[in-house]
Amino acid sequence: MRGLARIVAGRRSKWLVIVVWVVLLVALAPLGAKLSDETVDDTQSFLPKSAESTEVVRLLDTEFKSGETANGILVYERRGGLTAADRARAADDAQRVARAIPVTGKPT
């Protein structure tokens, strides 16, 4: 071990070690860019296809292509299905949201 320590920390060889590390860093930098091109970092890639989160992401990608950075979905649920009053409430809420949040892009 002492022999290795002397080589790495020697008077002249320490500079050689630094130069080798810099050369390796420069030589391997393009591989990092290629790796990011090949990796997939989205919700759908690591969740089961049947997961509700995956279905929401798929819905957002297909139905809301406006390029906005934030999306929202209102969900209404009742065991046995929604009633007519529930559907009326959902329609009323949708109109209130549409009035409260101005559309800033072209609709798709």
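Residues numbered from 1 in each chain as written. Predicted model: local features only at pLDDT ≥ 70, side-chain atom pairs only at ≥ 80, totals over all residues. Heavy atoms only, no water.

Asks: Any chance you could break down the pattern of salt bridges for me, citing the residues and the numbers?
Replies: Taken as a whole and assessed by the stated rule, the structure comprises four salt bridges. Note that Asp-86 is salt-bridged to Arg-78, the shortest N-O span being 2.5 Å. Classification of Asp-86 as buried rests on a relative accessible area of 14%. Accessibility expressed as a relative area gives 44% for Arg-78, which makes it partly exposed. Residues Asp-92 and Arg-96 are paired through a salt bridge, measuring 3.8 Å at the closest nitrogen-oxygen approach. Residue Asp-92 and its partner Arg-96 are located together in helix H5 (residues 84–100), separated by four residues, close to a single helical turn. Three or more residues joined by partner-sharing salt bridges are found here, namely Arg-89, Asp-92, Asp-93 and Arg-96. (Salt bridge = Lys/Arg side-chain N within 4 Å of Asp/Glu carboxyl O. Buried < 20%, exposed > 50% of the residue type's maximum accessible area, 1.4 Å probe, protein only. Helix = DSSP H or I, 4+ residues; strand = E, 2+ residues; numbered from the N terminus.)

Asks: An account of a nonpolar patch on the surface is needed here, citing residue identities and associated values.
Replies: On the surface, Leu-16, Val-20, Trp-21, Leu-24, Leu-28 and Leu-31 cluster together into a nonpolar patch covering about 630 Å² of accessible area. With respect to the helices, strands and loops of the structure, Leu-28 is situated in helix H2 (residues 13–38). Since its relative accessible area comes to 48%, Leu-28 is described here as partly exposed. (Patch = residues over 30% accessible without salt bridge, like charges linked within 9 Å, V, L, I, M, F, W, Y side chains within 5 Å. Areas by Shrake-Rupley, 256 points an atom, 1.4 Å probe, with all protein chains shown as cover.)

Asks: Can you break down the side chain of Asp-93 residue by residue, with the values?
Replies: Secondary-structure assignment places Asp-93 in helix H5. Residue classification places Asp-93 among the buried positions, given a relative accessible area of 8%. When sequence neighbours within four positions are dropped, the list of residues in contact with Asp-93 reads Leu-74 and Tyr-76. (Contact = heavy atoms within 4.5 Å.)

Asks: Run through the environment of Ala-90, naming residues and quoting values.
Replies: Structurally, Ala-90 is set in helix H5. For Ala-90 and Leu-74, which are 16 residues apart along the polypeptide, the C-alpha to C-alpha distance reads 8.4 Å.

Asks: Would you mind going over the confidence of the model for the protein in detail, with residue names and values included?
Replies: Per-residue pLDDT for the protein has a mean of 79; in total, 76% of the residues score no lower than 70. Least confident of the elements in the protein is helix H3 (residues 43–46), whose mean pLDDT is 70; most confident is H5, at 91. (pLDDT = per-residue confidence, 0-100.)

Asks: An account of the environment of Lys-14 is needed here, citing residue identities and associated values.
Replies: Its place among the elements puts Lys-14 in helix H2. Judged by relative accessible area, which is 38%, Lys-14 ranks as partly exposed. Apart from the residues within four sequence positions on either side, Lys-14 is in contact with Val-8 and Ala-9.

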